[in-house]
Structures are given as structure tokens and as C-alpha cells.
Amino acid sequence: MEKVEIKPDIRQLSLDNLIAQLTDLGEKPFRARQIYEWLWAKSATDFDSMTNLSLSLRDLLKNNYSIRSLSVSEAQISSDKTIKSGFKLFDGNIVEGVLIPTEKRMTACISSQVGCSLSCKFCATGTLERKRNLEAGEIYDQVVLINRQAMENYGIPLSNIVMMGMGEPLLNYANVLKGIERLTSPDGLNIAPKRITLSTAGIAKMIRKLADDQVRFNLALSLHAADDEKRNSIMAINETNSLEELKEALIYFYNQTENKITLEYIAFKNFNLGEEDAKNLVRFASTIPCKINIIEYNPIDNAKFKRAGVDELDKFTAFLEKKGLIVNVRRSRGKDIDAACGQLANKSKK
Ligand code: SAH
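Predicted model, so just to flag it, every value in this text is computed and none were measured.

### Quick notes on the site of the ligand
And step 1. Lining the immediate environment of the ligand, one finds 20 residues, of which Phe122, Ser199, Ser222, His224 and Asn298 sit closest.
And step 2. Glutamate 168 places a polar side-chain atom, nitrogen or oxygen, 3.1 Å from a nitrogen atom of the ligand.
And step 3. Between the ligand and the protein, one listed contact pairs an oxygen atom with a side-chain N or O atom of serine 222 at 2.6 Å.
And step 4. If the ligand stood free it would expose 530 Å²; the protein chains cover 96% of that surface.
And step 5. Residue assignment for the shell around the ligand shows that the elements contributing at least two residues are strand E8 (196-200) and strand E10 (261-267).

Rendered as C-alpha cells:
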């Protein structure tokens, strides 16, 4: 059995809470600021490393709090330089994160939940049970650790972050937003919000909440089919979040934030690339300020889908472009190590 730490996680405290608690313990407010800096900007994983604090204060902190930081339990490097890591959480659970180096970008793909509750038919994570939400600190740590890998392996820091790993980020709303706040804050990692993209399977109410909260990061919707019947058959979440509701929520999001939406569309052979599908997609997308990312399908165990061929894909893409939509076709990365989109399922190399 893993030993479960029962002391409260100090990173769950806001700076104001930390100041209040330290004052209660007889310390000055500036000490709280120093600790906060260690916890976030300096990503300290233990109290002993907080060398500008007295030994007695470090002991006091140790006796009262824990730091539930992540560690890399396993890392695999793909032939295309993608690195997939298993991150071990304080309670022994594992989530996965991926470093994707391209010529222009160093992207970290991070997880928001242990497992996922949505069971999309084409996604490996969907076959896992959703065990729990990640804490803001656990979301943050994935970026810290992947950035370290980027520096150690390629000498280049992260430029972009995508919340496209395990889990549905909008079903862990508060922690995800808190994690992103820490990532973007000048007293955190100071990453520009424009360089962060949150991908959702589509929860209309929460998309509206993002809009009301005036977020500054990018939003992507995993669309994959633009008629309700077809989308219901591959993504059960669509049954309670129809395309019409999603469309309205996305337009609302754009009006509030002025951030264009990305629509993700997996190319499934003989399933969603026909002429009718293309027309449906044009109908859906033309009223939304958006661009479309067509994603290669990455085969997973026990799924009935196949990757589309070049001809089918080209015809589909050409139709969309002719109708004035902005379309990018995205090649998958890290396929040889099951690190590509939808393949994260805690499969190790053994
Ligand atoms: N729950 C969120 C984020 C995780 S999935 C969401 O659904 O958006 C990140 C992206 O990978 C989504 O667009 C998802 O639909 C896609 N994906 C899932 N399984 C895939 C597969 N087998 N091949 C290619 N992309 C996949």
C-alpha cells in the first residue's frame, strides 16, 4: 500500500490563506511570500530546499503541511523525439503527459483527471475508470517536469501547453482554472495564456462559464462529427450537449473573449468524411469564428475505427476549404510509444 499523506497540501492555500495561517503560527507575512515563491515560481518539492527559511520554520512547515508534488515514474522517447511520461501522484495513481517537439514549438500535453468518465468510443483513456480529479498543483507540476525534460533533452523551454491528455478538463473546472492561473501568473511560471489550449469533449454549460470567467487561453472542441446522431454514437456526452447547444455556447465564448475556437476533427475511414459529413461540418463551423484541425486517428485496442486514407482526407479537406473554412491537417506524433492523442492509457513499455 502507498502511504497516504494526511497533512494538508500547502499548495491548496492561496497567498492570502498562507499569510493568515503563518500569522497564526506566529510568523511574519513576508515569510508566507517567500514560501509561496518556493512553492510556485521555484517549484520546490520539499521544505528542506527552502534555504532562506530558518530550520525551525522549515520544521514547523514539515509538521503541519505536505507538498503533494509529482515525480516522473517512467519516460519513453519516440523515434520522432516525442517523450511520454508517467507521472506518479502522491496517492500512487499515475497520469500521463507528453512533450511534443516540433521545429517551431515545444508543446506539453498534460492531463486533468486520473482516468476519464466520458468513454468516447475512439479514445483509450475512455476505457479507464475516472478515479479522481487532479489538484491544481498536480496540473502545474506536469508542466514543470515536462519543461525540465525539454531543457535537458533539447535545450529549449516549453512554448505551448495543451490540456489534451487524460481526462475532461471542464469536469474538473475549479482545479483546472486554478492550475492555469498559477501557470500564467507572474509569480508562477509566467506563461502567456495565448500559449495554452484547453480541449473539451463539449460541455455547453461549462463553455459558457469559461466565457463568463473571461478566460484568456484558447479553447478547442473535440467535434469529430457534425450531426447529432453520428456524434451521439461515438461520444455519449453529445446526448446531453447537442450540437446546437454547443454551437451557441461557442459563439457566446467568442463574443465574450474574442478568442477563436479550434474544432478538432478526427479523420475516421468511411465514417465521418463523406460529402454529407463535409456539408454538416460547413454548416456547423461557418457560424463560429474558428479553424478546423483534422487529426489522424490513432488506432487503439478494441475500437472499430480505421485511419482514413489520403484520398478520402484530401477530398474532405478540399471541400471545406472551398467553402472558406480554415483547415489544418495535423500529423500524429509519438505513435510508436502510444503517446499520440487518445492513446494515453497507462500502458508501459513492458
Ligand atoms: N477530454 C478532452 C481532452 C482529451 S482528448 C477532449 O475530449 O477534448 C484530446 C484530443 O484527442 C481530443 O480531440 C480527442 O477527441 C482526441 N482523441 C481521442 N482519441 C483519439 C484517437 N484514438 N486518435 C486521435 N485523436 C484522438
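Alright, that's what it looks like, and here's the rest.
### Quick look at the domain arrangement of the protein chain
And step 1. Once the domains are mapped, the protein chain shows domain 1 (10-64) and domain 2 (71-349).
And step 2. For domain 1 versus domain 2, the separation of C-alpha centres amounts to 35 Å.
And step 3. A buried area of about 790 Å², summed over both sides, lies between domain 1 and domain 2, and 47% of it is on carbon and sulfur atoms.
And step 4. At the junction of domain 1 with domain 2, the criterion picks out one salt bridge.
And step 5. Note that aspartate 141 and arginine 11 form a salt bridge whose closest N and O atoms lie 2.7 Å from each other.

### Considering the nonpolar core
And step 1. Residues Ile10, Phe122, Leu263 and Leu320 are the most contacted members of the largest nonpolar core, which totals 107 residues.
And step 2. Among the elements that take part in this core, helix H4 (residues 136-154) stands out by supplying seven residues, more than any other.
And step 3. Taken together, domain 1 (10-64) and domain 2 (71-349) each give at least three residues to this core, which thus spans both.
And step 4. Membership of the second largest hydrophobic core comes to six residues, among which are Val98, Cys109, Val162 and Ile337.

### Quick word on the pairing of strand E4 (residues 106-109)
Consecutive side chains along a regular strand alternate between the two faces of the sheet.
And step 1. Side chains of E4 alternate between two faces, with Met106 and Ala108 and Thr107 and Cys109 buried alike.
And step 2. Sheet analysis places strand E3 (residues 94-101) next to E4, joined by four bridges and oriented antiparallel. Bridge pairing in E4 places isoleucine 100 opposite threonine 107.
And step 3. Hairpin connection of E3 to E4: four residues between the antiparallel strands.
And step 4. Where E4 and strand E7 (residues 160-163) come together, three bridges link them in parallel fashion.

### Remarks on the layout of surface pockets
And step 1. As a volume, the largest pocket reaches approximately 900 Å³.
And step 2. Looking at the lining of the largest pocket, the elements that each hand over two or more residues are E3, E4, E7, E8, E10 and strand E11 (290-296).
And step 3. Residues that form the lining of the largest pocket fall into these classes: 13 nonpolar, eleven polar and nine charged.

### Considerations on empty space enclosed by the protein
And step 1. Enumeration according to the criterion identifies two cavities of 30 Å³ or more in this entry.
And step 2. For the second largest cavity, the calculated volume is near 70 Å³.
And step 3. Lining the second largest cavity, in full, are Arg11, Ser43, Ala44, Thr45, Ser69, Leu70, Asp141, Val144, Leu145 and Arg148.
And step 4. Among the residues forming the lining of the second largest cavity, the class breakdown is four nonpolar, three polar and three charged.
And step 5. Residues lining the lining of the second largest cavity come from more than one domain, with at least three contributed by each of domain 1 (10-64) and domain 2 (71-349).

### Things to note about the pattern of salt bridges
And step 1. The full count for this structure, using the stated rule, is twelve salt bridges.
And step 2. Its salt-bridge partner being aspartate 213, residue lysine 209 comes within 3.4 Å of it at the nearest N-O pair.
And step 3. Among the residues examined, lysine 209 registers a relative accessible area of 36% and is labelled partly exposed.
And step 4. Note on aspartate 213: relative accessible area 35%, which makes it partly exposed.
And step 5. Close ionic contact of arginine 307 with glutamate 296 constitutes a salt bridge, the shortest N to O distance being 3.7 Å.

### Some remarks on the packing of aromatic side chains
And step 1. Per the counting criterion, the structure on display carries nine aromatic pairs.
And step 2. Ring geometry for tyrosine 265 against phenylalanine 316: centres 5.3 Å apart, planes inclined by 25°, an arrangement best described as stacked. With tyrosine 265 in strand E10 and phenylalanine 316 in helix H10 (residues 310-322), this pair connects stretches of sequence that are 51 residues apart.
And step 3. Since its relative accessible area comes to 1%, tyrosine 265 is described here as buried.
And step 4. Arranged with centres 5.9 Å apart and planes meeting at 85°, the rings of phenylalanine 268 and phenylalanine 271 form a pair that is edge-to-face. Phenylalanine 271 carries the same exposure label as phenylalanine 268, and that label is buried.
And step 5. Feature note: the residues Phe122, Phe268, Phe271, Tyr297 and Phe305 constitute an aromatic cluster, connected by ring pairs.
And step 6. Here the guanidinium or amino end of arginine 208 rests over the ring plane of tyrosine 252, the centre of that ring lying 5.1 Å away.

### Describing the environment of arginine 208
And step 1. Following the sequence through the fold, arginine 208 ends up in helix H6 (residues 204-212).
And step 2. In this structure arginine 208 comes out as partly exposed when scored by relative accessible area, which is 32%.
And step 3. For the pair arginine 208 and tyrosine 252, spaced 44 residues apart in sequence, the C-alpha separation works out to 6.7 Å.
And step 4. Sequence-distant contacts of arginine 208, defined by excluding residues within four places in its chain, comprise Glu248, Ala249 and Tyr252.

Reading the values: rules and limits
Residues numbered from 1 in each chain as written. Predicted model: local features only at pLDDT ≥ 70, side-chain atom pairs only at ≥ 80, totals over all residues. Heavy atoms only, no water. Near = heavy atom within 4 Å. Polar contact = N/O pair within 3.5 Å; in protein donor to acceptor, adjacent residues only side chain to side chain. Areas by Shrake-Rupley, 256 points an atom, 1.4 Å probe, with all protein chains shown as cover. Helix = DSSP H or I, 4+ residues; strand = E, 2+ residues; numbered from the N terminus. Domains from an automatic or database assignment. Buried area = accessible area lost by both parts, 1.4 Å probe. Salt bridge = Lys/Arg side-chain N within 4 Å of Asp/Glu carboxyl O. Core = buried A, V, L, I, M, F, W, Y, C linked by side-chain atoms within 4.5 Å. Buried < 20%, exposed > 50% of the residue type's maximum accessible area, 1.4 Å probe, protein only. Pairing = 2+ DSSP bridges. 1 Å grid on protein atoms, 1.4 Å probe; cavity = no way out; pocket = protein on both sides within 12 Å on 5 of 7 lines; lining within 4 Å. Points joined across faces, edges and corners; volume = space filled by probe spheres on them. Nonpolar A, V, L, I, M, F, W, Y, C, P; charged D, E, K, R; others polar. Phe/Tyr/Trp six-rings, centres within 6.5 Å; stacked < 30°, edge-to-face > 60°. Lys NZ or Arg CZ within 6 Å of the ring centre and 35° of its normal. Contact = heavy atoms within 4.5 Å.

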